[in-house]
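# Coordinate inspection notes
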Amino acid sequence: MKKIRMTALVSILALIALACGGDKSQWLWKIEGKSVSMKQLDEAYSGFGVLMKEQLQQRMGRFIPEEEFKQLLDDPDRSGNPQLAEMFKSFGKDLFSEQYKDMLILNMEAQKDGYARRPEVKAKLEFLQKYFLANMYLFDLLKLQEIKISDAEAYAAWEKAKREDARLKTIPVDQGLEMIKGRMVMASAMEKQRSLLKNATQKYRIETNKDFDIATYVKDQREEARKKREAAAAAPAPEEPKK
């Protein structure tokens, strides 16, 4: 799933790059005579970084400040964690550039053979654009870097967590405080997110179709699929042809 989302994001970035005009930065490649510049790569990589950071925060279970994220991209070994360092090296701009070039070429092929004009493809691209725009906008509004957790708050929460889960007592204090601060930042962010979404929703007139219930619709579809599966399982096996 993450790989699909990553590919989709780079595809969107590639479409944008193809539409961009020239600039004065160093060019990397010329595809059919049209230059792809370092500036275009930087802009694509910046968008790609949004997804990278999201995946990393999910993996580490804590919020990662933008400055820390940039430092780890520039110097992966500073993490002190070999696995984490290798993951950041795999996110390097040099490796991304080759993937990006492939994406540009595939986008050109998709445009040439009419694939990009298919209604179902256009619908998916429209969704992906809305998905990334909404999430980037929300992340900007949350301003996670401004959420501060004091050492005293973190220590009190860490002591409480250890009382509730004895396994945490084996974790060094400094690592435990870092982990608990990350959890507290994310909890604060979730609370702020609910408030932001509530306020945003109140600005718009939203009508619900009372004659259609989506939960019932999905339930009926699943029931129909179950019946088909059971009918197929109960059907007699086809006879093997006589030799």
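For the structure itself, consult the block above.
The following paragraphs examine the structure supplied in this document.

The rules behind these values
- What you see as residue numbers is a count from 1 along each chain, following the sequence as written.
- At least 70 in pLDDT is required for a residue's local features to be given in this predicted model, at least 80 for side-chain atom pairs to be given and counted, and no such filter applies to totals for whole chains, interfaces and linings, which use all residues.
- Only hydrogens and water are removed before side-chain values are computed, so all heavy atoms of the structure are retained for them.
- Numbering of helices and strands runs from the N terminus; a helix is a DSSP stretch of H or I covering at least four residues, while a strand is a stretch of E covering at least two.
- Working rule for helices: expected span equals 1.5 Å times residues minus one.
- A 1.4 Å probe rolled over the protein chains alone gives each residue an accessible area, and that area as a share of the maximum for its type sets the label: buried under 20%, exposed over 50%, partly exposed in between.
- The definition of a nonpolar core used throughout is a set of buried Ala, Val, Leu, Ile, Met, Phe, Trp, Tyr and Cys residues joined through side-chain atoms within 4.5 Å.
- For helices, the fitted axis covers only the stretch in contact; all axes are lines through C-alpha atoms, and the angles between them, taken along N-to-C directions, range from 0 to 180 degrees.
- An angle below 35 degrees is read as roughly parallel, one above 145 as roughly antiparallel, one from 65 to 115 as roughly perpendicular, and any other as oblique.
- Between two residues, a contact is recorded if the distance between any of their heavy atoms is within 4.5 Å.
- Amino acids outside the nonpolar list (Ala, Val, Leu, Ile, Met, Phe, Trp, Tyr, Cys, Pro) and the charged list (Asp, Glu, Lys, Arg) are all regarded as polar, and Gly is one of them.

### Comments concerning helix H6 (residues 119-142)
In this model H6 runs 35 Å from its N-terminal to its C-terminal C-alpha over 24 residues, within 8% of the 34 Å that 1.5 Å per residue would give. Buried within H6 are the following residues: Val 121, Leu 128, Phe 132, Leu 138 and Leu 142. Trailing H6 by a residue or two, Lys 143 shows a phi angle of about 50°, which is positive.

### As for the nonpolar core
Of all hydrophobic cores here, the largest spans 19 residues; its most connected members are Leu 56, Phe 96 and Tyr 100. Mapped by element, the contributors of at least two residues to this core are strand E1 (27-31), helix H2 (38-60), helix H3 (66-74), helix H4 (82-90) and helix H5 (93-112). No other element matches H2, which puts six residues into this core. Core analysis: the second largest hydrophobic core is formed by 13 residues, Leu 142, Ile 147, Ile 149 and Ala 189 among them.

### A word on unusual backbone geometry
At Glu 32, a residue that is not glycine, the phi angle is positive and equals roughly 55°. Mapped onto the elements of the fold, Glu 32 is located in the loop between E1 and strand E2 (34-37).

### Observations concerning the packing of H2 against H5
Here H2 crosses H5 at 100°, and the two axes come no closer than 11 Å. Classified by the angle between their axes, H2 and H5 sit roughly perpendicular to one another. Only Lys 93, Phe 96, Ser 97, Gln 99 and Tyr 100 of H5 make contact with H2, whose side of the interface consists of Met 38, Gln 40, Leu 41, Asp 42, Ala 44, Tyr 45 and Phe 48. Split into classes, the residues belonging to the contact of H2 with H5 amount to seven nonpolar, three polar and two charged.

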